[in-house]
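Topology and contacts: notes
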Amino acid sequence: MSQFAILGTAGHIDHGKTSLVKLLTGADTDRLKEEKARGISIELGFTHLELGDDLSLGIVDVPGHERFIKNMLAGACGMDAVMLVIAADEGVMPQTREHLDILHLLGVKRGLVALTKTDMVEEEWLELITESVQEYLEERGYGHFPLVPVSSKTGEGKDNLLNALREVMQDLPTRSVAKNARLPIDRSFVVEGFGTVVTGTLWQGEIRVGDQLLIEPGASEARVRNVEVHGEQAEVASTGQRTAVALARTDKNEVPRGSWLVTPNAFESASMIDVRLRVLADAGKALAQRQRVRFHLGASEALGRVTLFQTDSLEPGSDGLAQIRLESPVLCARHDRFVIRSYSPARTIAGGTIIVPKAPKRKPHDASVVVQLEREESGTPEERVLAYLSESPKEIAAKKIMTELNLNPSEFDGVMQSLQESGSAVALGDGWLSMSQGEQLSQEALNLMLENQKQFPLRWGMSRGELKSRLMKGMSPTLFDWVVGRLLESGEISERADHFRAGASEHELSPHLQAQVEQVRKALTEGGNTPPTVKELTNSLGFSVLEPLEYLTFLGEAVKVTPDLFWAQS
């Protein structure tokens, strides 16, 4: 069975990326009329290369012109390795630098350099440019990249390049498929007989023929009609594979570049994202508080502003915690890498990793936010889940926890077992509650009962409905039962006729109140079948009798006939 991997090109305009791909594969990835007329790549190009030894490469050829960097970014997502193309007659150029910056921000550390157009330079110049490029790579942390001279025109160096690619692609890390599917869409088009087709590199999970998926943002439903992997029809596409998916009953306009094809109920789009942000050392100037930027993740681009949590600016070469507040929602997950470009002129200035994919609005310079995000960023799975639970006074559904914290079911089960055994969290139906929130809720319930007893001493506690509604709006019956059950078990409260009160069940009244109750009881008993009304009782006894009447009713010694009439219970 073949192993699949993604190789992307990178490099300055007219350094020969597309020609080199054609030399290796025989395929011309420039498919647009304008590309062929101008002799430059504008859109992403795709093909594949069989390297032997059961290794199949999907090749993503990216444009080199600075005007098409956003297209390059769409192609760079999901790369396993890069083939950085540098022309021997020019050496390192501006887009070489920006492309390498982008690869660094995206965490692409595997690759090689193809030193192209060697047929256009003398041997002495080739030696000089090779040395110059090697020094530059070492300065940028890519000194481990092998340099391979090659000519797309004569074919000289082709075999050496293929051998170097085999070496580079050895020992690729195994990708997990035990997660929900997530495909960033970098191209969509219509094929006669198949309908709308979308392509991308499958970031995680599997996509099978017949799957019901969602298009995000927007949560539009789509059914998988057909699947291709690296140009071949397949029943299933797996993590890391270059994938084409035909969608039934889906219009091309519903799936523009930058959308995602995902497993239902597994991911949510968001407009506020907490991140660890690093400004490039050669960014030129600091990143300012609330600066408007271009946010790139996967194949998507969105405008937004940066809220810095620890300072009012980030100097070149520094990093910090921040929130990106976007003008349109994007889909992302914890640990995803992204790139930030300046709004105008558009150039790459920063990047980072996602900490909280769907965050609440947070204030800058809030020390508690910094502590929380640092824990989210580097804490153990148990610490992260507990921190997440501690933010909510209500129980949180298991599926939501897994989605928000990017945990698969196996990881989740292990974490929750550990938290339950340590007494840090409690299971409530299909949801989970942190014990710290549970203790706080219990204390609030106890306080409510004490306040009620002080305000209404003749009442035997609070009814279930009153206590539940005052304790929390929208509180689930499961959570309420757990809170009062915990207090009953500890002996802090008592229950009687679906009412709850703090302390023991015996209701001791002050002598003054006890005397009032006795007077009302006597008046009802003496009234027999014609008891006095509430108004008559109040006038004759000289005090408000409603509370004593309600008290006697609760004890079963009176019956409420109408709001103004009570009978003694025979």
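Residues numbered from 1 in each chain as written. Predicted model: local features only at pLDDT ≥ 70, side-chain atom pairs only at ≥ 80, totals over all residues. Heavy atoms only, no water.

1. Structural notes on the overall build of the chain
Secondary structure summary: the chain contains 16 helices and 32 strands in total. Taken over the C-alpha trace, the chain has a radius of gyration of 34 Å; the compact-globule value for 570 residues is 25 Å, which it surpasses by more than 25%. Split into buried and exposed, the 570 residues of the chain put 50% on the buried side. The contacts in the chain between residues at least 6 apart in sequence include a share of 68% that link residues at least 24 apart. Here the chain displays about 26,000 Å² of accessible surface, and carbon together with sulfur accounts for 48% of that area. (Helix = DSSP H or I, 4+ residues; strand = E, 2+ residues; numbered from the N terminus. Rg over C-alpha atoms; globule rule 2.2 N^0.38 Å. Buried < 20%, exposed > 50% of the residue type's maximum accessible area, 1.4 Å probe, protein only. Contact = heavy atoms within 4.5 Å. Areas by Shrake-Rupley, 256 points an atom, 1.4 Å probe, with all protein chains shown as cover.)

2. Let's talk about the environment of Gly200
Position of Gly200 among the secondary structure elements: in strand β9 (residues 195-201). For Gly200, a relative accessible area of 0% corresponds to the buried category. Separated by 140 residues in the primary sequence, Gly200 and Val60 place their C-alpha atoms 10.0 Å from one another. Not counting chain neighbours up to four residues away, the residues in contact with Gly200 comprise Leu183, Pro184, Asp186, Gln241, Arg242 and Thr243.

3. Here we look at the pattern of salt bridges
Note that side chains of opposite charge can pair when their charged atoms are close. In total, this model carries 19 salt bridges according to the counting rule given. Across the salt bridge formed by Asp498 and Arg464, the nearest N and O atoms sit 3.1 Å from each other. Here Asp498 is found in the loop between β29 (493-496) and β30 (499-502), whereas its partner Arg464 is found in helix α12 (residues 464-471), with 34 residues between them in sequence. Judged by its relative accessible area of 27%, Arg464 falls in the partly exposed class. When salt bridges with common partners are traced through the structure, they connect Arg276, Arg278, Asp319 and Glu377 into a single cluster. (Salt bridge = Lys/Arg side-chain N within 4 Å of Asp/Glu carboxyl O.)

4. Some thoughts on the packing of α12 against helix α13 (residues 477-490)
Interhelical geometry of α12 versus α13 gives an angle of 105° and a closest axis separation of 11 Å. Here α13 runs roughly perpendicular to α12, going by the angle between their axes. Here Arg464, Leu467, Lys468 and Leu471 of α12 come into contact with α13, specifically with Pro477, Phe480, Asp481, Val483 and Val484. (Axes fitted to C-alpha atoms, helices over the stretch in contact; angles between N-to-C directions. Parallel < 35°, antiparallel > 145°, perpendicular 65-115°, else oblique.)

5. Section: the domain arrangement of the chain
Here the domain parsing of the chain yields domain 1 (3-169), domain 2 (182-262), domain 3 (269-371), domain 4 (379-507) and domain 5 (511-568). In this structure, domain 4 and domain 5 have C-alpha centres spaced 38 Å apart. Contacts between domain 4 and domain 5 engage nine residues on the former and seven residues on the latter. Here domain 4 and domain 5 share an interface that buries about 770 Å² over both sides, 73% of which is from carbon and sulfur atoms. Summed over the shared surface of domain 4 and domain 5, the result is zero salt bridges. Connecting domain 4 to domain 5 are zero residue pairs in polar contact (both at pLDDT 80 or more). (Domains from an automatic or database assignment. Buried area = accessible area lost by both parts, 1.4 Å probe. Polar contact = N/O pair within 3.5 Å; in protein donor to acceptor, adjacent residues only side chain to side chain.)

6. Re helix α11 (residues 435-455)
Between the first and last C-alpha of α11 there are 30 Å, a value that for 21 residues agrees with the 30 Å anticipated at 1.5 Å per step. Listed as buried for α11 are Met435, Gln437, Gly438, Leu441, Ser442, Ala445, Leu446, Leu448, Met449, Asn452 and Gln453. (Expected span 1.5 Å × (residues − 1).)

7. Some remarks on the sheet that holds β29
On the basis of which strands lie adjacent, the open sheet formed by three strands has the order β28-β30-β29 and antiparallel pairing. The open sheet has two edge strands, β28 (462-463) and β29, and neither has a second partner. Pairing between β29 and β30: four bridges, direction antiparallel. Bridging across to β30, Glu495 finds its partner in Phe500. The strands that α11 touches are β28, β29 and β30; relative to β30, the one it contacts most, it runs at about 85°. (Pairing = 2+ DSSP bridges.)

8. A short note on the confidence of the model for the chain
The predicted model of the chain has a mean per-residue pLDDT of 87, with 92% of residues at 70 or higher. Ignoring residues within four places in sequence, the model shows residues 34-43, a span with pLDDT below 50, making 26 contacts including any to other chains. (pLDDT = per-residue confidence, 0-100.)

9. Concerning empty space enclosed by the protein
With the rule as written, the count across this model stands at one cavity of 30 Å³ or more. Counted as a void, the largest cavity has a volume near 70 Å³. In terms of lining, the largest cavity is formed by Phe267, Glu268, Cys332, Ala333, Arg334, Pro357, Lys358, Thr403 and Glu404. Tallied by class, residues from the lining of the largest cavity come to four nonpolar, one polar and four charged. (1 Å grid on protein atoms, 1.4 Å probe; cavity = no way out; pocket = protein on both sides within 12 Å on 5 of 7 lines; lining within 4 Å. Points joined across faces, edges and corners; volume = space filled by probe spheres on them. Nonpolar A, V, L, I, M, F, W, Y, C, P; charged D, E, K, R; others polar.)

10. A short note on the pairing of strand β23 (residues 337-342)
For β23, a buried count of five out of six residues is recorded, marking the element as mostly surrounded by other parts of the structure. For strand β19 (residues 292-297) and β23, the ladder comprises four bridges, and the chain directions are antiparallel. Residue Val293 lies in a different strand from β23, and its bridge partner there is Ser342. As paired strands, β23 and strand β24 (residues 348-356) are joined by five bridges and run antiparallel to one another.

11. As for the environment of Arg464
C-alpha of Arg464 to C-alpha of Val85: the two residues are 379 residues apart in sequence and 72 Å apart in space. The residues touching Arg464, leaving out its near neighbours within four places in the chain, are Phe480, Asp481, Glu495, Asp498 and Phe500. Reaching out from Arg464, the side chain makes a polar contact with the side chain of Asp481 at a distance of 2.7 Å. A polar atom in the side chain of Arg464 sits 3.1 Å from the side chain of Asp498.

12. Looking at the sheet that holds β24
Pairing within the closed barrel is antiparallel, and its six strands lie in the order β17-β22-β20-β19-β23-β24. Taking each pair of neighbouring strands and ignoring which way they run, the sheet shows an average axis angle of 40°. Lying on the sheet, helix α4 (residues 94-105) is in contact with β17 (269-279), β23 and β24; it crosses β23 at an angle near 145°.

13. Points about a negative patch on the surface
Side chains of Asp119, Glu122, Glu123, Glu124, Glu127 and Glu156 sit close together on the surface and give a patch of like negative charge. For Glu122, the position within the fold is in the loop between β5 (111-116) and α5 (123-139). Among the residues examined, Glu122 registers a relative accessible area of 62% and is labelled exposed. (Patch = residues over 30% accessible without salt bridge, like charges linked within 9 Å, V, L, I, M, F, W, Y side chains within 5 Å. Lys, Arg positive; Asp, Glu negative; His and termini not counted. Charge placed at Lys NZ, Arg CZ, Asp CG, Glu CD.)

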